[in-house]
Amino acid sequence: MVTLEHIAAYNFVTFFFSFSLFCYGYFPLSFSPTTKCNADDLPQSIENVRFSAIDYKPHTSRVIFMVIDALRMDFVQQAQNFTFVNKLINENRACLYRLQVHPPTVTMPRIKALTSGALPSFLDVVLNLGGSEMELDTFLYQMRQRQQKIVFYGDNTWTRMFPNMFHRKGENADSLFVYDFHEGDRNITNSLNAELEADDWSLLVLHYLGLDHIGHVEGPFSEKVPKKLQEMDKVVETVVAAMNKWVCFLRLTQPHHSNPLVVLTGDHGMRDSGGHGGSSTAETIVPLLVISNQCSKSDETYLQIDLAPTMSALLGLPIPFSSIGGMIEPMFDRWEAKDILYAMYYNTQRLVTKAKAFLEAGHQAHETYQQYEEAKRLHRTMINNEFSSLSGLQRAISLYKTVTKSMSQLLIINYIRYDIMYIVIGLLMMVSCAVIAVGQFVHLTTSVEPREISFRVQLLPALY
């Protein structure tokens, strides 16, 4: 005999299954295999023309990678708060770029995008709460494979994601305590001052949280925001002063040295009402400040996932396997022609290979593929002619850039897509379960005596 209890149990299981279908369609898994790249993956030739062994080499001696949580683009452009930063930009000692962040705009997925070049999904929002070790290939992993030391101070999300990555580390005790506007940031800066005197690291990662906490509690227009931005400006000034000392020392000891590099960005922005996590412009457009003598200005908007392959090229590392970003080529402005073309070809070739499965069957007739073939032909010609043609160089770079953008967008569309069928089926089944549950409740309340209903209502508090 089928009882109401049996129907309720069946309804609950069906609802859970329906909810799972909905989540499968609405929170798709991103295509992020754990495969790692190595030096053998670097291209050795382009068709029948071989590359030189030194066409892909480090172009910086050490890097300070500074993340200011919830840093909006307009914050950096406020000259009264970022006085020193804007001075560097105006004197052409630094370059400011715009980065577009893909939702979800929360910290863990953004760190994943910054370091791996992969595109996180909304499922990573759940992982952001509990934290999980990063298994993807990243430029941090590639540095570690080359025995290069990495030091970290800041948001403990990094130490949860990379528990065995850092040579030295200092983490915020509780990154989710949003009323900590100052203490955590001061601890990072105190540690920074000591690290600027050390010479044993190749990458120093800093992640400041104070600005984000102010945004969560009081919003971006709080009177505390300008003071926090001025504090961050002072940190940048301290870093640049130390960097100038390093440059002077390197000139005396290493005539063919490569200069250090400072990269400053936000993991995501901040909406006008405070907080983040959505897809508004204030949340998805963040600055990328590059303090270097090798960059040039650009008004173009790049993707946040472009930073990982660009950092890999700057450091002479294999590009992370899951990266689907392009190159921020204005950061290579002072490179030799052969180095720029090698880096552009290396990344373009990777993306074309990944995208072949999504192109039409006759991919060789595809316009983008034809542009890729033309870029390779120009590249081979440049190698044979010892890079003597400036117009050929510019044309090849332009073609590689066009192909990279096209392939990157194609991969983004195909790697993460919503499955409408599962979403609709899940919603319909959940609505059906809700209707059945309401029907059960109505039947239960109309099929018993009023005194029994009263007794059951009174009994509920005791049960719970």
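Residues numbered from 1 in each chain as written. Predicted model: local features only at pLDDT ≥ 70, side-chain atom pairs only at ≥ 80, totals over all residues. Heavy atoms only, no water.

Enquirer: Go over the packing of aromatic side chains with me, naming the residues and quoting the values.
Expert: Here the structure, examined in full by the defined rule, presents 16 aromatic pairs. Centroid distance F51 to Y345: 5.8 Å. Interplanar angle 45°. Geometry classified as tilted. Placement of F51 in the loop between strand 2 (49-50) and strand 3 (63-68) and of Y345 in helix 13 (residues 337-355) is noted, with a sequence separation of 294 residues between them. Among the residues examined, F51 registers a relative accessible area of 11% and is labelled buried. Seen from their ring centres, W158 and F162 are 6.0 Å apart, and the 40° between their planes marks the pair as tilted. Judged by relative accessible area, which is 1%, W158 ranks as buried. Each residue in the set F51, Y56, Y342, Y345, Y346 and Y400 is aromatic and connected to the rest through ring pairs, giving one cluster. Just above the ring of Y141 sits the side chain of K36; from NZ or CZ to the centre is 5.3 Å. (Phe/Tyr/Trp six-rings, centres within 6.5 Å; stacked < 30°, edge-to-face > 60°. Helix = DSSP H or I, 4+ residues; strand = E, 2+ residues; numbered from the N terminus. Buried < 20%, exposed > 50% of the residue type's maximum accessible area, 1.4 Å probe, protein only. Lys NZ or Arg CZ within 6 Å of the ring centre and 35° of its normal.)

Enquirer: Please give an account of the packing of helix 14 (residues 367-384) against helix 15 (residues 390-415) that cites residues and values.
Expert: It is at 9 Å that the axes of helix 14 and helix 15 come closest, and there the two elements cross at 150°. Considering the relative orientation of helix 14 and helix 15, their crossing is left-handed. Touching T368, Q371, Y372, E374, A375, K376, L378, H379 and M382 of helix 14 are G392, L393, R395, A396, L399, Y400, T402, V403, S406 and M407, all from helix 15. Classifying every residue of the contact of helix 14 with helix 15 by side-chain character gives 10 nonpolar, 6 polar and 3 charged. (Axes fitted to C-alpha atoms, helices over the stretch in contact; angles between N-to-C directions. Left-handed = near helix turned anticlockwise from the far one by under 90°. Contact = heavy atoms within 4.5 Å. Nonpolar A, V, L, I, M, F, W, Y, C, P; charged D, E, K, R; others polar.)

Enquirer: Give a detailed account of the sheet that holds strand 4 (residues 94-100), specifying residues and quantitative values.
Expert: If you trace the 8 strands from one edge of the open sheet to the other, you get 6-5-7-3-8-9-4-10, paired in mixed fashion. Every interior strand has two partners, whereas the edge strands, strand 6 (168-171) and strand 10 (301-303), have only one. This sheet shows a mean twist of 20° between the axes of neighbouring strands, independent of strand direction. Taken together, the 4 bridges between strand 8 (residues 261-265) and strand 9 (residues 285-291) define a ladder with antiparallel strand orientation. Bridging across to strand 9, T265 finds its partner in L288. (Pairing = 2+ DSSP bridges.)

Enquirer: Describe unusual backbone geometry, and please don't skip the residues or the numbers.
Expert: Geometrically, the link from P103 to P104 is a cis peptide bond, its omega value of 10° lying close to zero. Mapped onto the elements of the fold, P104 is located in the loop between strand 4 and helix 4 (107-116). Although it is not a glycine, E47 sits at a positive phi angle of roughly 60°. Following the sequence through the fold, E47 ends up in the loop between strand 1 (45-46) and strand 2. Taking relative accessible area as the criterion, E47 reaches 46% and is therefore assigned partly exposed.

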